[in-house]
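# Examining the three-dimensional arrangement
Here is what each chain is made of, one letter per residue.
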Amino acid sequence: MKDRILQILGIILLAWLFIYIFGNQNPLRHRSIYVSGQTTGNDLVGLLQDEGARVYEYGSVEDALDKAKPGSAVLLLSNEYPEKTQEISTENLETIRSKNLKVFAEFATVPAPSTSSGSEEPELEEIGVERVVVTKQIGDNLKPMDLLTINRAVYYITEAADPLMVIARVAGFDTAVFGLEDTPSSPLVFKPNENIWISTSKLSDFAKLRFMPERNWKLFWETVMSDLTGKKVSFKEWPTTVAPTYSETDKLPKTAKKDAIAKGIEWFFNGHFLIHQDWKESWLMRYMGDGTMPVGPELPADAPNGDGTLGVLEGHCSAIYKDGRQAYRYWIRDDIQGESAMAFAIAGELLDNKEYKAIAERLSDYSFKEFRDGPRDDPESPTYGLLGWAYTHKWVYYGDDNARSILGTILAAKILGTDKWDQKIAEAIDANFNTTGKNGFRGGRLHEQDIQKNGLEYYQNRDLINPHPHYESWIWACYLWQYANTGDRKYLDLTEKAISLTMAAYPNEWGWTNGIQQERARMLLPLAWLYRVSPTEEHKAWIDTIVADIAKNQAECGAIREELGDPAKGNYGAEKKNSDYGNGEAPLIFRNGDPVADMLYTSNFAVFALNEAACATGDPQIRKMADSLGEFLVRIQARSEEHKSVDGAWFRAFNYRDWDYWASNADAGWGAQSTLTGWIQSWIITTLALMEEGTSYWDIATGK
């Protein structure tokens, strides 16, 4: 027994020695760091304290430099960002030199010649579409032309010899592919001498201000702190205020899908996206304007939530302001009314929530009231039954937007057990069918004035062939549902003809919008439903063709990688020069292989269509793909205590290699961190609910 006790004590002693020796290898442990500026709540200071550093706070630059021991690390943080920079004087520089201090000073100026403005107050700018470009090797891993972002931060204009980082408008996914020669740039980080780092903006609150990509900012601060301390620093953790709900390897709980659905529907309330009368005029109407750029600041945290009677907003713009808050899109579109109604209805059913169902009913009522007005509600008008695109653009008719509104309302009606919209649904389907050409195609969009001028026969007799699923395919799904609903073969025959022509053109003749992958995702739904009503070998082969090419781009984690098609066939391809960046619609990637999934154009529709195809065919491979993508979407749902308006959202982009929300932000307003109550949120919620219940949209909507 005595020997056993000694053995145990020996093991404990060895364990203690191991912890003592190796646990103290952290170079920041007990390291003294002298700081001027507010330390409480600062992201960098909190990180250093978590790593074991001793932080000493002083009220001024002079005090911090005076109290710092020779050779020690000093952080000169900004207290007055974004209104006023802090000045590092000639005397401060002499103190730093004489004491051999290692200093990082943010939003700070130094005397000429390092700054062009001398002692004058520098000119401040707010970032627009510009990003941060690494211009010199920083540490072991940040290479020249690597990209980061500080969002729409404020910085000051200056000149600096050999800056380490600059702010510039550049094209590319994670590197500035065209370099900096043809684009203006301004220093962000530079070193006037070996003792001091200067930044022209505030960088220490990287988590609150939501800097991306987090991996690169972690590398940057590890390099800075290594230089300041003279020791190799590697942070164990990295603070973030917006993060995926689960890591790639976390074991998901059995309730994961249901939890994601509940969080996803609550996001509508977290962000106050349901319009309320109290702020309709002062916020919605103020920022919506004529719909050209309906972007404004985030609603106040105490803004009341509507009940669906006045509709639902679009969601977030991708712009993140200098305080870390995110811009809203103050616009009302019809498609998101129907889609959101669907999400509320199915979430209400799954979660046994009557109020969600009541909201679904009000949204559907609002949709038909608001977007079926004027000539669209006149039986003598050729546009009778069509649904206007948006509050400010009711004279525009996209077939795919009409389709999503229709599909949303169909499912909402079935779940709610009401026939109150049956006639209007039928009229909306027929209005689109009556403006479809003899080959089954409508084109990208139609206009009220043209339809009134040309009449319906003009559109019905058009010999148009447009193999572009983004615009064409989902209205075919509506026709197939109507065929199943009525037995009228005209809906099936015209749709089958259009699908046959489209599949014959695949892939070389397909048009694509932001990528070829999204076209496959859109095409799969009508193929699945065609197989429902006509289960032939040819129709199954068409499904297999599309599924096989989607599968080639499905990563191990379930993500569907974006892919660009033939540039000659694309509406919005990769930028051809730096000045193209941020000028219009664009993909999230620059070249094929970039590890990005798109929840606005591809994954949201792919998961829905894969579930429909799996249920239609019983194919286990399709089921596996759908489940894997569904699990991926559950994992990447955003969670945030600090930014409640995004808690429960799915952002447009996800970089599955680095497991963060990073991609090219070239698509103006619809970049990596945009959200959408309709296209993104509603289809993901709906599909997860269908998968949770082991069913499909078709089964519910047709009662079969």
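All residue numbers refer to position in the chain's written sequence, counted from 1. Local features in this predicted model are restricted to residues whose pLDDT is 70 or higher, and side-chain atom pairs enter the listing and the counts only when it is 80 or higher, whereas totals over whole chains, interfaces and linings include all residues. Only hydrogens and water are set aside when side-chain values are computed; all heavy atoms of the structure are taken into account.

## Here's the deal with the overall build of the chain
Rules: By the criteria applied, helices consist of DSSP H or I runs no shorter than four residues and strands consist of E runs no shorter than two, each listed in order from the N terminus. For every residue, the accessible area obtained with a 1.4 Å probe (protein chains only) is divided by the maximum for its type, and the residue is called buried under 20%, exposed over 50%, and partly exposed between those limits. The contact criterion used throughout is that any non-hydrogen atoms of two residues lie within 4.5 Å. All accessible-area figures derive from a Shrake-Rupley calculation using a 1.4 Å probe, and residue coverage is judged against the displayed protein chains alone. In this tally, Asp and Glu contribute negative charge and Lys and Arg positive charge; neither His nor the terminal groups of the chain are included. In plain terms, the charge of a residue is placed at NZ if it is Lys, CZ if Arg, CG if Asp and CD if Glu.
Helices and strands together make up the secondary structure of the chain, namely 21 helices and 22 strands. Once the C-alpha set of the chain is aligned to its principal axes, its extents read approximately 90 × 80 × 50 Å. Scored against the burial criterion, the 704 residues of the chain give a buried share of 59%. A separation threshold of at least 6 residues defines the contact pool for the chain, and within that pool the share at least 24 residues apart is 74%. For the chain, the accessible surface area stands at approximately 27,400 Å², while carbon and sulfur atoms represent 48% of it. Of note, the chain has its 73 positive side-chain charges centred 4 Å away from the centre of its 100 negative side-chain charges.

## Some details on the packing of aromatic side chains
Operational definition: Paired rings are identified among Phe, Tyr and Trp, the last through its six-membered ring, by centres lying within 6.5 Å, and are further divided according to the angle between planes into stacked (under 30 degrees), edge-to-face (over 60) and tilted (the rest). For a ring to carry a charge above it, either NZ of a lysine or CZ of an arginine must fall within 6 Å of the ring centroid while also lying within 35 degrees of the normal to the ring plane.
Per the counting criterion, the structure on display carries 47 aromatic pairs. Each ring, one from Phe632 and one from Phe654, has its centre 5.8 Å from the other, and the planes form 75 degrees; the classification is edge-to-face. Separated by 22 residues along the polypeptide, Phe632 in helix 19 (residues 620–636) and Phe654 in strand 22 (residues 653–655) bring together distant segments of the chain. One residue, Arg372, lies across the ring of Tyr384, its end atom 5.0 Å from the ring centre. When the ring centre of Tyr391 is taken as reference, the NZ or CZ atom of Lys394 above it lies at 5.4 Å.

## Observations concerning the nonpolar core
The nonpolar side chains of soluble globular proteins are, as a tendency, buried together. Spelled out, the test is: Side-chain atoms within 4.5 Å link the members of a nonpolar core, which is a set of buried Ala, Val, Leu, Ile, Met, Phe, Trp, Tyr and Cys residues.
Formed by 161 residues in total, the largest nonpolar core has its most connected members in Phe344, Trp529, Phe632 and Tyr697. Every residue in contact with Phe632, bar those within four places of it in the chain, is listed here: Cys557, Gly558, Ala559, Ala597, Met599, Phe654, Tyr656 and Trp659.

## Describing the packing of helix 16 (residues 516–533) against helix 18 (residues 603–617)
Packed helices, taken two at a time, are described by the angle their axes make and the gap between the axes. Note the cut-off: Fitted lines through C-alpha atoms serve as axes, helices being fitted only where they are in contact, and the angles separating the N-to-C directions of these axes extend from 0 to 180 degrees. In this scheme, roughly parallel covers angles under 35 degrees and roughly antiparallel covers those over 145, while 65 to 115 is roughly perpendicular and the rest are oblique. A crossing counts as left-handed when the near helix is turned anticlockwise from the far one by less than a right angle, and as right-handed when that turn is clockwise. Under this grouping Gly is polar, as are all residues other than the nonpolar Ala, Val, Leu, Ile, Met, Phe, Trp, Tyr, Cys and Pro and the charged Asp, Glu, Lys and Arg.
Direction vectors running N to C along helix 16 and helix 18 enclose 20 degrees, while the axes themselves pass 8 Å from each other. In terms of orientation, helix 16 and helix 18 fall into the roughly parallel class. Between helix 16 and helix 18 the crossing geometry is left-handed. For the pair helix 16 and helix 18, the contacting residues are Ala521, Arg522, Leu524, Leu525, Ala528, Trp529, Tyr531 and Arg532 in the first and Phe605, Ala606, Phe608, Ala609, Leu610, Glu612, Ala613, Cys615, Ala616 and Thr617 in the second. Split into classes, the residues belonging to the contact of helix 16 with helix 18 amount to 14 nonpolar, one polar and three charged.

## Some points on the sheet that holds strand 8 (residues 131–134)
Strands pair in a sheet through their backbones, by hydrogen bonds, and they do so in one of two ways: parallel or antiparallel. For clarity, the threshold we go by: Note on pairing: DSSP must find at least two bridges between two strands before they are called paired.
Judged by pairing direction, the sheet is mixed, and its nine strands sit side by side in the order 2-1-3-5-13-12-11-8-9 without closing on themselves. Each having just a single partner strand, strand 2 (54–58) and strand 9 (147–148) make up the two edges of the open sheet. Relative to strand 3 (residues 73–76), strand 1 (residues 32–36) runs parallel, the two sharing four bridges. Counted as the bridge partner of Ser36 is Leu76 from strand 3. Of the strands in this sheet, strand 1, strand 3, strand 5 (102–106), strand 9, strand 11 (165–168), strand 12 (185–193) and strand 13 (196–199) touch helix 5 (residues 214–229), which is tilted by about 140 degrees from strand 5.

## Focus: the packing of helix 6 (residues 256–270) against helix 20 (residues 677–693)
Where helix 6 contacts helix 20, the axes come no closer than 9 Å and their chain directions differ by 150 degrees. Relative to helix 20, helix 6 is oriented roughly antiparallel. Considering only the axes of helix 6 and helix 20, their crossing is left-handed. Within the contact between the two elements, helix 6 uses Lys257, Lys258, Ala260, Ile261, Gly264, Ile265, Trp267 and Phe268 and helix 20 uses Thr677, Gln681, Ser682, Ile685, Leu688, Ala689, Met691 and Glu692.

## Re the sheet that holds strand 17 (residues 326–329)
In space, the three strands of this open sheet follow the order 15-17-16, with antiparallel pairing throughout. Sheet topology places strand 15 (295–296) and strand 16 (315–320) at the edges, where each strand pairs with a single neighbour. Where strand 15 lies against strand 17, two bridges are found, and the strand directions are antiparallel. Each bridged residue has a counterpart across the sheet, and for Gly296 the counterpart in strand 17 is Tyr328.

## So, empty space enclosed by the protein
For the record, the criterion: Each cavity reported here is a set of points on a 1 Å grid over the protein atoms alone in which a 1.4 Å probe fits but cannot get out, each pocket an open set with protein on both sides within 12 Å along at least five of seven lines, and each lining residue one with an atom within 4 Å of a point. Grid points are joined across faces, edges and corners, and a volume is the space filled by probe spheres set on the points.
Applying the stated criterion to the full structure yields one cavity of 30 Å³ or more. What the largest cavity holds in volume is close to 70 Å³. Lining the largest cavity, in full, are Phe206, Ala207, Arg210, Phe211, Met212, Glu214, Thr240, Thr241, Val242, Tyr661 and Gln673. Per-class residue counts for the lining of the largest cavity are six nonpolar, three polar and two charged.

## Describing the confidence of the model for the chain
Note the following rule: For every residue, the predictor assigns a confidence score, pLDDT, that lies between 0 and 100.
The share of residues in the chain with pLDDT of 70 or more is 95%, and the mean pLDDT across the chain is 95. Under a pLDDT of 50 for its full length, residues 17–24 has, in the predicted model, four contacts with residues more than four places off or in other chains.

## Notes on helix 15 (residues 489–504)
So the rule is basically this: Any helix carries an expected span of 1.5 Å times its number of residues minus one.
The first and last C-alpha atoms of helix 15 sit 22 Å apart over 16 residues, in line with the 22 Å expected at 1.5 Å per residue. Turning to helix 15, its buried residues are Tyr491, Leu492, Leu494, Thr495, Ala498, Ile499, Thr502 and Met503.

## Let's talk about the pattern of salt bridges
Defined as follows: The working definition used for a salt bridge is a side-chain nitrogen of Lys or Arg within 4 Å of a carboxyl oxygen of Asp or Glu.
What the rule picks out here adds up to 47 salt bridges. The shortest N-O distance in the salt bridge between Asp335 and Arg404 comes to 3.0 Å. Here Asp335, found in helix 8 (residues 334–351), pairs with Arg404, found in helix 10 (residues 399–416); they are 69 residues apart in sequence, far enough to count as distant. Across this residue pair, the class does not change: Asp335 and Arg404 are buried.

## With respect to helix 20
Helix length check: helix 20 (17 residues) gives 22 Å between terminal C-alpha atoms against 24 Å at 1.5 Å per residue, within 8%. For helix 20, a buried count of 15 out of 17 residues is recorded, marking the element as mostly surrounded by other parts of the structure. Positive phi appears at Gly694, one or two residues downstream of helix 20, with a value of about 65 degrees.

## As for the pairing of strand 8
Alternating positions in strand 8 separate into two faces, Arg131 and Val133 on one and Val132 and Val134 on the other, with burial throughout. Pairing geometry for strand 8 and strand 11, over four bridges, is antiparallel. Within the sheet, the bridge partner assigned to Val132 lies in strand 11 and is Ile167. Bridging between strand 8 and strand 9 involves two bridges; their strand directions are antiparallel. In the sheet register, Val132 faces strand 9, and the bridge partner there is Leu148.

## Focus: the side chain of Thr436
Inclusion rule: Contacts described as polar in this section are N or O atom pairs within 3.5 Å, which, within protein, must combine one atom able to donate a hydrogen with one able to accept it, while residues neighboring in sequence count only if both atoms come from side chains.
By the element assignment, Thr436 lies in the loop between helix 11 (422–433) and strand 19 (445–447). Polar side-chain contacts of Thr436 include one of 2.8 Å to the backbone oxygen of Asn432. Within the structure, the side chain of Thr436 is placed 2.9 Å from the side chain of Tyr479, a separation counted as a polar contact. If we skip the residues at most four places from it in the chain, Thr436 touches Phe441, Arg442, Tyr459, Gln460, Tyr479 and Leu494.

## A closer look at the side chain of His468
Looking at the secondary structure, you find His468 in the loop between helix 13 (456–460) and helix 14 (469–486). A polar contact of 3.4 Å, which involves the side chain of His468, links it to the side chain of Glu519. In this structure, His468 is in contact with Gly511, Trp512, Thr513, Glu519 and Asn571, ignoring residues within four places of it in sequence.

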